[in-house]
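Letter by letter, the chains look like this.
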Amino acid sequence: MPGTALITGVTGQDGTYLAQLLLSKGYHVYGLVRGQNNPRLEAVGRLCPGIEFMEGDLLDHSSLVAALEAAQPTEVYNLGAISFVGLSFKQALLTGEVTGLGVVRVLEAIRSVNPAIRLYQASSSEMFGKVRETPQTELTAFHPRSPYGVAKVYGHHITVNYRESYGMFACSGILFNHESPRRGLEFVTRKITNAAAKIKLGLQKELHLGNLDSQRDWGFAGDYVEAMHLMMLQPEPDDFVIATGATHSVREFCEIAFSHLGLNYRDHVVSDDARFLRPAEVDLLIGDASKAKRVLGWQPRVPFGELVTMMVDADLAAQQKIMRIEAAG
Ligand code: GDR
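This report concerns the structure included in the present document. Predicted model, so just to flag it, every value in this text is computed and none were measured.

Analysis parameters
- Numbering of residues starts from 1 in every chain and runs along the sequence as written.
- Local features are withheld for residues below a pLDDT of 70 in this predicted model, meaning they are given only at 70 or higher, and side-chain atom pairs are given and counted only at 80 or more; totals for whole chains, interfaces and linings count all residues.
- The basis for every side-chain value is the complete set of heavy atoms in the structure, and neither hydrogens nor water enter the calculation.
- Any residue with a non-hydrogen atom lying within 4 Å of a molecule or strand is treated as near it.
- Two N or O atoms form a polar contact when they lie within 3.5 Å of each other; inside protein one atom must be a possible hydrogen donor and the other a possible acceptor, and for residues adjacent in sequence the pair counts only when both atoms belong to side chains.
- What sets the accessible areas is the Shrake-Rupley method with a 1.4 Å probe; for residues, cover comes only from the shown protein chains.
- Strands here mean DSSP runs of E at least two residues long; helices mean DSSP runs of H or I at least four residues long; both are numbered from the N terminus.
- Note on exposure labels: buried denotes an accessible area under 20% of the residue type's maximum, exposed denotes more than 50%, and partly exposed covers the range between, all computed with a 1.4 Å probe on protein chains only.
- Note on definitions: a residue-residue contact is assigned when non-hydrogen atoms from the two residues lie within 4.5 Å.
- Comment: axis = line fitted to C-alpha atoms, over the contacting stretch for helices; angle = value between 0 and 180 degrees taken between N-to-C directions.
- Note on terminology: angles under 35 degrees are roughly parallel, angles over 145 are roughly antiparallel, angles of 65 to 115 are roughly perpendicular, and the others are oblique.
- Crossing handedness: left-handed means the near helix sits turned counterclockwise from the far one by under a right angle, and right-handed means the same turn made clockwise.
- Note on residue categories: nonpolar means Ala, Val, Leu, Ile, Met, Phe, Trp, Tyr, Cys or Pro, charged means Asp, Glu, Lys or Arg, and polar means any other residue, Gly included.
- Here is the rule: rings of Phe, Tyr and Trp (six-membered ring for Trp) pair when centre to centre is within 6.5 Å. Planes less than 30 degrees apart are stacked, more than 60 are edge-to-face, and the remainder are tilted.
- A ring has a charge above it when a Lys NZ or an Arg CZ is no more than 6 Å from the ring centre and no more than 35 degrees off the ring normal.
- The term nonpolar core refers to a set of buried residues drawn from Ala, Val, Leu, Ile, Met, Phe, Trp, Tyr and Cys, joined through side-chain atoms within 4.5 Å.
- The domain boundaries here were taken from an automatic or database domain assignment.

All right, on to the site of the ligand then. Residues in contact with the ligand amount to 24 residues; listed here are only the nearest, Ser 83, Ser 124, Tyr 148, Lys 191 and Glu 281. One of the backbone N or O atoms of Ser 83 is found 2.6 Å from an oxygen atom in the ligand. At 2.8 Å, a backbone N or O of Gly 210 approaches a nitrogen atom of the ligand. Here the ligand, which alone exposes 700 Å², has 96% of that area covered by the protein.

Now the structure itself:
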């Protein structure tokens, strides 16, 4: 029988895909929402009919306890974080507090309210950083390259530690980059697809990017939230790498996005813009998700090229809609 889920970070990309998935399976879904008058609430409510919002903050332990007591969830998905690597260099302490210590606050709240609640922790391929081996598996050593990556390593280890120390069902998904039309504009994929659409429509001329040679293993967020849920249905908690097993450069992403609109990225992209370079970079990520395939029966459905064109098409349609509204009004 479907249970009750509480999702932190529900206003982010993965939060909405996961809420939709769980609602479609008959779950009662609560979204934990931070701050006063959160501007994303209306959009999340529209995308996820039936979701209930609850106040709470990963910085505030007692708010987490109160949310768990009120919602009585069977499953908690901790997706809340400062998730933009670039920002984590500028706000390293806050990143440690939210992305790192936020995890132990959730674990402690679960332990005191009801230790039978299952926890999914959103771990990240950024933990591999300066990679020790390729492809990366659940056994690859971590070498994070950003305050974000360091905080995620803490979150991962504390999740494993609570599982081992207290027998809690705390599992961790080591997710590689996953994108969609709902991705925030600060991340490179959406920044590219949004700019390509605007350039096509004559609304923008150039796109300033940082390192075009970075390589990432990019999948579709809708596929990845299914893996989160499958981990929670296992008899025992465990850790799983979730990835496509293919890697592509930022340059390749640009090529496909622009050429889908009949454009050449070389005519528009300005690279090595210092504002978008990082003090330390993760050059290459490529994940081996064979354990997830074997144990969870999970595999990604949307291939790279389709992901890029899906995002470009969505941005083009969104920009055209804005233009029609502006023309009418
Ligand atoms: P990442 O995603 O850091 O991998 O973390 P992001 O899209 O920000 O960067 C990917 C790569 O592109 C390079 N890059 C640029 N990045 C941004 N944002 N803007 C630019 O202009 C630009 N130019 C080049 C970056 O240097 C980097 O190498 C994402 C986040 O979602 C994390 O929260 C998550 O844990 C990991 O993916 C898996």
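With that out of the way, let us pick up the side chain of Arg 163. Here Arg 163 shows up in helix α6 (residues 147-166). According to the relative accessible area criterion, Arg 163 is buried, its value standing at 15%. When near neighbours in sequence (up to four residues on either side) are disregarded, Arg 163 contacts Met 168, Ala 170, Cys 171, Pro 237, Asp 238 and Asp 239.

Mapped onto the elements, Gly 50 comes out in the loop between α2 (41-47) and β3 (52-55). Residue classification places Gly 50 among the exposed positions, given a relative accessible area of 55%. For the pair Gly 50 and Ala 19, spaced 31 residues apart in the sequence, the C-alpha separation amounts to 9.5 Å. Beyond its immediate chain neighbours, meaning those up to four positions away, Gly 50 contacts Leu 23 and Val 29.

Following Thr 134, the chain continues into Pro 135 via a peptide bond in cis, with omega recorded as -5 degrees. Inspection of the secondary structure assignment puts Pro 135 in the loop between β5 (118-124) and α6. With a phi angle near 55 degrees, Asn 37 is a residue other than glycine that sits in the positive phi range. Unusually for a residue other than glycine, Gln 72 sits at a positive phi of about 50 degrees.

This part covers the packing of helix α1 (residues 13-24) against helix α8 (residues 221-232). With their axes 9 Å apart at the nearest point, α1 and α8 run at an angle of 60 degrees to one another. Judged by the angle between their axes, α1 and α8 are oblique. In this structure, α1 crosses over α8, and the sense of that crossing is right-handed. Two secondary-structure elements touch here, α1 through Gln 13, Asp 14, Tyr 17, Leu 18, Leu 21 and Leu 22 and α8 through Ala 221, Gly 222, Val 225, Glu 226, Met 228 and His 229. When its residues are assigned to classes, the contact of α1 with α8 shows 7 nonpolar, 3 polar and 2 charged.

Glancing now at the packing of aromatic side chains. Using the criterion set out here, one finds 10 aromatic pairs in the structure. The interplanar angle of 80 degrees and the centroid separation of 5.5 Å between the aromatic rings of Phe 84 and Phe 187 together place this pair among those described as edge-to-face. Here Phe 84 is found in the loop between β4 (75-78) and α4 (85-90), whereas its partner Phe 187 is found in the loop between β7 (178-179) and α7 (188-200), with 103 residues between them in sequence. Its end group placed over the ring of Phe 169, Arg 118 keeps NZ or CZ at 3.8 Å from the ring centre.

Below, the discussion takes up the nonpolar core. Among soluble globular proteins, nonpolar side chains are generally buried collectively. Membership of the largest hydrophobic core comes to 59 residues, with the highest contact counts inside it found for Ile 7, Leu 18, Tyr 77, Tyr 120, Ile 192, Ile 242 and Phe 258. With 7 residues, the single largest contributor to this core is α8. There are two domains that each give this core at least three residues, and those are domain 1 (4-179 + 219-242) and domain 2 (188-216 + 247-279 + 303-328). Residue contacts for Tyr 120: discarding those within four places in its chain leaves Val 76, Tyr 77, Asn 78, Leu 79, Cys 171, Ser 172, Gly 173, Leu 175, Met 228, Met 231 and Met 232.

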